[in-house]
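Given next are the chains, with one letter for each unit.
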Amino acid sequence: MNAQRKQEEAADFEARMVGLVRNALLVAGHEMGDEGDHWPVIKSTIKEIDKDYEDLQIERSVHAEMKKHLYKQLEKMEAELEHLPTETKTEAAPKLRELREIYDAFFSEADENKLIANTDEEPMHIKRARAIIATLEADDE
């Protein structure tokens, strides 16, 4: 499966998960009652989760544009390197290699098996969402 297809499937999955969390929060709210002071908390939590997801999409778009732009710039600099005087080339080549390594490290795919979620530092709205959804699970038992 190519990388583009994999990214599209991951984005679709993430969008479905955000929708699932939103719906679960709404269901939990209705289970607590159609009227009440829990609704501002639930609506705020949904809004913050939506904002997090929107921010993530924007950040990914910015990174994609940077990846293209920086790649072109690195290609230009590498092409110009051979036209430089020897002394300048000797000085610039290691710096350009370092830039290429930084580029490759920043834009390479992360190994998902090595990613560890740090739940101790979750934002408050994520903790609230977990607690609200947990009330649904408690009611089912």
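Use the structure listed above.
The structure displayed is predicted, hence computed values, not measured ones. (Residues numbered from 1 in each chain as written. Predicted model: local features only at pLDDT ≥ 70, side-chain atom pairs only at ≥ 80, totals over all residues. Heavy atoms only, no water.)

## Considerations on the pattern of salt bridges
Applicable threshold: Definition used for salt bridges: Asp or Glu carboxyl oxygen within 4 Å of a side-chain nitrogen of Lys or Arg. Starting at the N terminus, helices and strands are each numbered in turn, a helix being any DSSP run of H or I of at least four residues and a strand any DSSP run of E of at least two. Using a 1.4 Å probe on the protein chains alone, a residue whose accessible area is under 20% of its type maximum counts as buried, one over 50% counts as exposed, and one in between counts as partly exposed.
Scanning the model with the defined rule gives 11 salt bridges in all. We note a salt bridge from Lys51 to Asp55, for which the minimum N-O separation is 2.7 Å. Of this pair, Lys51 and Asp55 both sit in helix H2 (residues 38–81), 4 residues apart, which is roughly one turn of that helix. Relative accessible area serves as the criterion here: at 43%, Lys51 is assigned to the partly exposed category. Assessed through its relative accessible area of 32%, Asp55 is described here as partly exposed. In the salt-bridge network here, residues are joined through shared partners; they are Glu75, Glu78 and Arg100.

## Description of the packing of H2 against helix H3 (residues 86–107)
Heads up, the condition is: Helix axes are fitted only over the stretch in contact, all axes being lines through C-alpha atoms; the angle between N-to-C directions runs from 0 to 180 degrees. For this classification, under 35 degrees means roughly parallel, over 145 means roughly antiparallel, 65 to 115 means roughly perpendicular, and everything else is oblique. By definition, any crossing whose near helix is turned counterclockwise from its far helix by less than a right angle is left-handed, and any crossing with a clockwise turn is right-handed. In this analysis, two residues are considered to be in contact whenever any of their non-hydrogen atoms come within 4.5 Å of each other. Following the grouping adopted for this structure description, the nonpolar residues are Ala, Val, Leu, Ile, Met, Phe, Trp, Tyr, Cys and Pro, the charged ones are Asp, Glu, Lys and Arg, and the polar ones are all others, Gly among them.
The N-to-C vectors of H2 and H3 enclose an angle of 160 degrees; their axes lie 11 Å apart at closest approach. One finds that H2 runs roughly antiparallel with respect to H3. Between H2 and H3 lies a crossing whose hand is left-handed. Contacts from His63, Met66, Lys67, Leu70, Tyr71, Leu74, Glu75, Met77, Glu78 and Leu81 in H2 reach Lys89, Ala92, Ala93, Leu96, Leu99, Arg100, Tyr103, Phe106 and Phe107 in H3. Taken together, the residues that form the contact of H2 with H3 break down as 13 nonpolar, 1 polar and 5 charged.

## A short note on the environment of Leu81
Among the structural elements, Leu81 can be located in helix H2. Once the C-alpha coordinates of Leu81 and Ala92 are considered, the two residues, 11 residues apart in sequence, prove to be 7.6 Å apart. Excluding residues that lie within four positions of it along the chain, Leu81 makes contacts with Lys89, Ala92, Ala93 and Leu96.

## Some points on the environment of Lys127
Its location among the elements puts Lys127 in helix H4 (residues 124–140). On the basis of relative accessible area, Lys127 is assigned to the partly exposed category, the value being 38%. It is 9.5 Å that separates the C-alpha atoms of Lys127 and Thr45, two residues lying 82 residues apart in sequence.

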